[in-house]
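Listed below are the residues making up each chain.
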Amino acid sequence: MFEEKPETLSGAQIVVRLLERQGVRTLTGIPGGAILPIYDALSQSEQIRHVLVRHEQGGGFIAQGMSRATGVPAVCMASSGPGATNLLTAIADAKLDSIPLVAITGQVPKALIGTDAFQEVDTYGLSIPITKHNFLVSAAEDLLTVIPRAFAIAASGRPGPVLVDIPKDVQNQLVEVRAWPAVGCAETPALPAAPLIERAAAMINAAAKPILYLGGGVVHSGAAEAAVALAEIGRLPTVMTLMALGAMPVDHPLSLGMLGMHGARCTNLALDECDLLIAVGARFDDRATGKVAGFCPQAQIIHIDIDPSELDKIKTAHVGIAGDVQTVLQLLLPGIEHRQREDWLARVAELKASHPLRMPGIDDPRTPYGLIRAVADCLDDEATIATDVGQHQMWVAQAYPLRRPRQWLTSGGLGTMGFGMPAAIGAALAEPQRTVVCFTGDGSILMNVQELVTAAEEDVNVKIILMNNASLGLVFQQQTLFYGERIYASQFKGMPDFIRVAEGFGLAAVDLDKEADPLPALAAALASRGPVLIHASIALHEQVLPMVPPGAANKEMIGG
C-alpha cells in the first residue's frame, strides 16, 4: 500500500476505482437490483466503457473473447439470482480452457442470505467447482484486498476464472480509504529443478522418432516462438491440440497440424510410431488422445505443464516438469543438439504423402472446405478467427491456415454452442484494428443470437460466416455413423430467415446462396467495415472426416 489523500467511499466506488487502477477499460454486463450500486458508481467513471449485453452468458463470452485475444484478464458483471446463474456457463467454459476472467456478481444483502430472498441463489456455492477461486465479500474494506487478489489469481500459474460475489449492503457500505493497494499481477512461478531439464534434453537428443505435442498452455504462456525454436533445433515433427492451433504456423515444414479425433490420418499414425512424446502445455484431453492405452504406445513421455496436478493425471510421464512453459523451454533450448533426423522425417513425409488430410471441394466455395478456404484467401494473418462448436468448428480447425498464436478462439474443453459470436465481439472490442471472423452453424448461432444487437450497437468489425445445414450437424453425423442412422432430434423442422433476422438486429447481411458467383460477394462483405452476417447453405450429408469413433484408439479412425 502507498499513502494517498484519505477518501470516504462506498464499497461500489471502491470496486470501480480498483478496476480503473487495474487497467480495465472495457467490461461487459447487465444491471439488476443487487448490483445497481456498482452500476451507479460505474456511471461516474471516465475510464471504463461498459458494454451492455443482452444476456449474461453472452457477456461472459464477450469478456472471454477480450481475454483470449490479449491474454489479459477481462471483466464481466451480473446481478444476483438468474443474472449470476446465466453467467455460470461462460465461467465454466473459461475454467476448462484456462482463460483468465474476473466475474463480479451482485448478491442480496447479507441479512437475507439463506432466506430464499428475491433473486437469491448461492452463487458462491454454485461456482466453486467451475472457478479457479471465488470470494463472498463480507465487508467493504475487504474489497481492497479481494479485487487485486482476484486479478492476481486469474492470471497466475494456470490461468482461470475468479468470481467475486458482493452483497448489496457491502456495495453501499461507506469506509475510509487511506491507501490503495498495488494492482494484482501474475505471480512468478518457481523455477524447475535443473536435473529435470538436463534429463529432458538428454532424452530429446537421444530419441530416434520424437514428436513435439503442443497444447493451449503454449499460447497462454506466450511460448509459441520458443516452441517453434525447439522444433527447429531438434528437427521435431510437431502436432497441436485444438487449443494450440496457430502456435506453429500450419504450413511450417515440421507441422503435422491437429492431432486426435478429427486430425489428419498421417498425424495420428506418426504419433503411433513415435518413441518420445514431448508434451508442452497440453493435458492429454480425451479428444486428443482417443483411447488412452492406445495413445503413443511406444513412446516415453516428457510432460511440461504449469499445473502440477496435470502431470501423471492421464499418462505417466517419464520426466514431468512443473513450471511456466515459456520459462522451461528457455531453460531447455541450450541443451538441445542440432539434429537432422533424416530417417524419421522421411518416414513422416511418407505418412503425409500416403495419408494426407483430405479436403474434398476445397476449390468450390459452396462446400464447407471451399468456403473456409475462400474466406482465408480474402484475409491475411492479422485476422482473428473465432468459431462456435460443431462440424463447422472442426472443418475450420482442419482447413483454415492459422499462423499466429491468439489468432484462433474456440471453445475447446466445454465445447459450448453459442460461444463463437460473442467471443468474436470481445476480440473485436479488444483489438479493433483486426478483422474478426466468426464461423458458426445454424444451431450454434441461435444459442446467443441476441448478441447480434450488441454487435450492431458497438459497430464491431465482426464477420459472421453462418454455415447452415438446418441441423445439429455433428449430432446428425454421429447418429448416421454410430447409431444405425436413427436420426432423432437433430434436424430442425423450422428454420428462421437468417438474413431477415440479422437485418432486424441492425446488421448488414449477404446470402451467398443467391449469388451466381459467391466469391466477389464474399470478398466485398469481408472487406467492408462493421458487423456483417454472411449466410451459406451446406449440404446435410457433408461430414467431418476422418473421425475417431468413441472409445477407439486414434489409429482406428474412419473416413478421410
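All of the points below concern the structure found in this document. These figures come from a predicted structure and were not determined experimentally.

## Notes on the environment of His55
Alright, step 1. Turning to its location among the elements, His55 is positioned in the loop between β3 (49-52) and α3 (56-70).
Alright, step 2. Owing to a relative accessible area of 25%, His55 belongs among the partly exposed residues under this scheme.
Alright, step 3. In the structure, His55 is positioned 461 residues away from Ala516 in sequence and 38 Å away in space, judged by C-alpha atoms.
Alright, step 4. When residues no more than four places from it in sequence are discounted, the contact partners of His55 are Ile30, Asn86, Asn448, Gln450 and Glu451.
Alright, step 5. At a separation of 3.0 Å, a polar atom in the side chain of His55 contacts the main-chain amide nitrogen of Gln57.

## As for the layout of surface pockets
One way to see where empty space is left: roll a probe the size of a water molecule over the atoms.
Alright, step 1. Of the voids in this model, the second largest pocket is the one considered here, and its volume is about 500 Å³.
Alright, step 2. The wall of the second largest pocket is formed by 28 residues, among which Val250, Leu256, Gly257, Leu357 and Gln398 lie closest to the centre.
Alright, step 3. Among the secondary structure elements, those contributing two or more residues to the lining of the second largest pocket are β11 (255-258), α11 (265-273) and α16 (391-399).
Alright, step 4. The biggest single contributor to the lining of the second largest pocket is β11, with four residues.
Alright, step 5. Class assignment of the residues belonging to the lining of the second largest pocket gives a composition of 16 nonpolar, eight polar and four charged.

## Here we look at helix α8 (residues 194-206)
Alright, step 1. Over its 13 residues, α8 extends 18 Å from the first C-alpha to the last, a length consistent with the 18 Å expected when each residue adds 1.5 Å.
Alright, step 2. Listed as buried for α8 are Ile197, Ala200, Ala201, Met203, Ile204 and Asn205.
Alright, step 3. On its buried side, α8 packs onto β12 (276-280), β13 (300-305), β14 (319-322) and α13 (325-332).

## Description of the pairing of strand β15 (residues 384-387)
Alright, step 1. Neither face of β15 is left uncovered, since the one carrying Thr384 and Ala386 and the one carrying Ile385 and Thr387 both have all their residues buried.
Alright, step 2. Bridge analysis of β15 against strand β17 (residues 436-441) gives four bridges, and the strand direction is parallel. Among the inter-strand pairings, Ala386 is bridged to a residue of β17, identified as Cys438.
Alright, step 3. Across two bridges, the pairing between β15 and strand β16 (residues 408-409) is parallel. Among the inter-strand pairings, Ile385 is bridged to a residue of β16, identified as Trp408.
Alright, step 4. What joins β15 to β16 is α16, and the crossover it makes is right-handed.

## Here's the deal with empty space enclosed by the protein
Alright, step 1. Enumeration according to the criterion identifies three cavities of 30 Å³ or more in this entry.
Alright, step 2. As a volume, the largest cavity reaches approximately 120 Å³.
Alright, step 3. For the largest cavity, the full set of lining residues is Arg68, Ile99, Gly216, Val219, His220, Met243, Leu245, Arg406, Gln407, Trp408, Leu409 and Thr410.
Alright, step 4. Elements supplying a minimum of two residues to the lining of the largest cavity: α9 (216-220) and β16.
Alright, step 5. When residues in the lining of the largest cavity are grouped by element, the largest group, three residues, is from α9.
Alright, step 6. By volume, the second largest cavity amounts to about 60 Å³.
Alright, step 7. In terms of lining residues, the second largest cavity is bounded by Asn268, Leu271, Asp272, Thr289, Gly294, Phe295, Cys296, Asn554 and Lys555.
Alright, step 8. Here the lining of the second largest cavity takes three residues from α11, the largest share from any one element.
Alright, step 9. The residue makeup of the lining of the second largest cavity, split by class, is three nonpolar, four polar and two charged.

## Re the side chain of Thr238
Alright, step 1. Turning to its location among the elements, Thr238 is positioned in strand β10 (residues 238-240).
Alright, step 2. Of the polar contacts made by the side chain of Thr238, one reaches the backbone oxygen of Leu236; its length is 3.0 Å.
Alright, step 3. The contacts of Thr238, once residues within four sequence positions are left out, are Leu212, Leu214, Ala231, Met248, Leu254, Ser255, Leu256 and Gly257.

## Regarding the environment of Ala208
Alright, step 1. For Ala208, the position within the fold is in the loop between α8 and β9 (210-214).
Alright, step 2. Considered as a pair, Ala208 and Trp344 are 136 residues apart in the sequence and their alpha carbons are 6.9 Å apart.
Alright, step 3. Sequence-distant contacts of Ala208, that is, excluding residues within four places in its chain, are made with Asp275, Arg341 and Trp344.

## A look at the sheet that holds strand β20 (residues 532-537)
Alright, step 1. As summarised here, the arrangement of the six strands in space is β16-β15-β17-β18-β20-β19, forming an open sheet in which the pairing is parallel. Looking along the sheet, the strands with just one partner apiece sit at the ends: β16 and β19 (508-511).

## Structural notes on the sheet that holds strand β7 (residues 161-167)
Alright, step 1. The strand order across the open sheet built from six strands is β3-β2-β4-β5-β7-β6, with neighbouring strands paired in parallel fashion. The open sheet terminates on both sides in strands that have one partner only, identified here as β3 and β6 (133-136). Put simply, the sheet's adjacent strands are angled 20 degrees from each other on average, direction ignored.

## Observations concerning the side chain of Gln64
Alright, step 1. Residue position: Gln64 is located in helix α3.
Alright, step 2. On the accessibility criterion, Gln64 (0% relative accessible area) is buried.
Alright, step 3. Ignoring sequence-local partners within four residues, the contact set of Gln64 consists of Ala90, Asp93, Ala94, Ile99, Leu101 and Phe419.

## A closer look at the packing of helix α10 (residues 224-234) against α13
Alright, step 1. Interaxial distance between α10 and α13 falls to 9 Å at its minimum, and their mutual angle equals 30 degrees. Between α10 and α13, the angle falls in the class roughly parallel. Along this stretch, α10 crosses α13, giving a crossing that reads as left-handed. Residue-level inspection shows Ala226, Ala227 and Leu230 of α10 in contact with α13, the latter providing Gln326, Leu329, Gln330 and Leu332.

## Some words on the pattern of salt bridges
Alright, step 1. For the structure shown, the criterion picks out 18 salt bridges.
Alright, step 2. Between Arg49 and Glu458 there is a salt bridge, with its nearest N and O atoms 2.4 Å apart. Here the residue Arg49 occupies a position in strand β3, and Glu458 occupies one in helix α19 (residues 451-458), the gap between them amounting to 409 residues.
Alright, step 3. Where Asp93 meets Arg68, a salt bridge forms, and the shortest distance between an N and an O atom there is 3.0 Å. Of the two residues, Asp93 sits in helix α4 (residues 82-97) while Arg68 sits in helix α3, which places them 25 residues apart along the sequence. You'll find Asp93 and Arg68 in the same group, each marked buried.
Alright, step 4. In this structure, a network of salt bridges that share partners links the residues Arg158, Asp307, Glu310 and Lys313.

## Regarding the nonpolar core
Alright, step 1. Leu329, Leu332, Val375, Tyr400, Phe439 and Ile465 are the most contacted members of the largest nonpolar core, which totals 73 residues.
Alright, step 2. Tallying contributions element by element places α10 first for this core, with seven residues.
Alright, step 3. In this structure Phe439 touches Ile372, Val375, Ile385, Ala386, Thr387, Asp388, His392, Val396, Tyr400, Ile465 and Met467, once residues within four positions along its chain are discounted.
Alright, step 4. Listed in part, the 37 residues of the second largest apolar core include Ile14, Leu18, Ile35 and Met77.

Thresholds applied
Residues numbered from 1 in each chain as written. Predicted model: local features only at pLDDT ≥ 70, side-chain atom pairs only at ≥ 80, totals over all residues. Heavy atoms only, no water. Helix = DSSP H or I, 4+ residues; strand = E, 2+ residues; numbered from the N terminus. Buried < 20%, exposed > 50% of the residue type's maximum accessible area, 1.4 Å probe, protein only. Contact = heavy atoms within 4.5 Å. Polar contact = N/O pair within 3.5 Å; in protein donor to acceptor, adjacent residues only side chain to side chain. 1 Å grid on protein atoms, 1.4 Å probe; cavity = no way out; pocket = protein on both sides within 12 Å on 5 of 7 lines; lining within 4 Å. Points joined across faces, edges and corners; volume = space filled by probe spheres on them. Nonpolar A, V, L, I, M, F, W, Y, C, P; charged D, E, K, R; others polar. Expected span 1.5 Å × (residues − 1). Pairing = 2+ DSSP bridges. Right-handed = clockwise from strand over helix to strand, strands pointing away. Axes fitted to C-alpha atoms, helices over the stretch in contact; angles between N-to-C directions. Parallel < 35°, antiparallel > 145°, perpendicular 65-115°, else oblique. Left-handed = near helix turned anticlockwise from the far one by under 90°. Salt bridge = Lys/Arg side-chain N within 4 Å of Asp/Glu carboxyl O. Core = buried A, V, L, I, M, F, W, Y, C linked by side-chain atoms within 4.5 Å.

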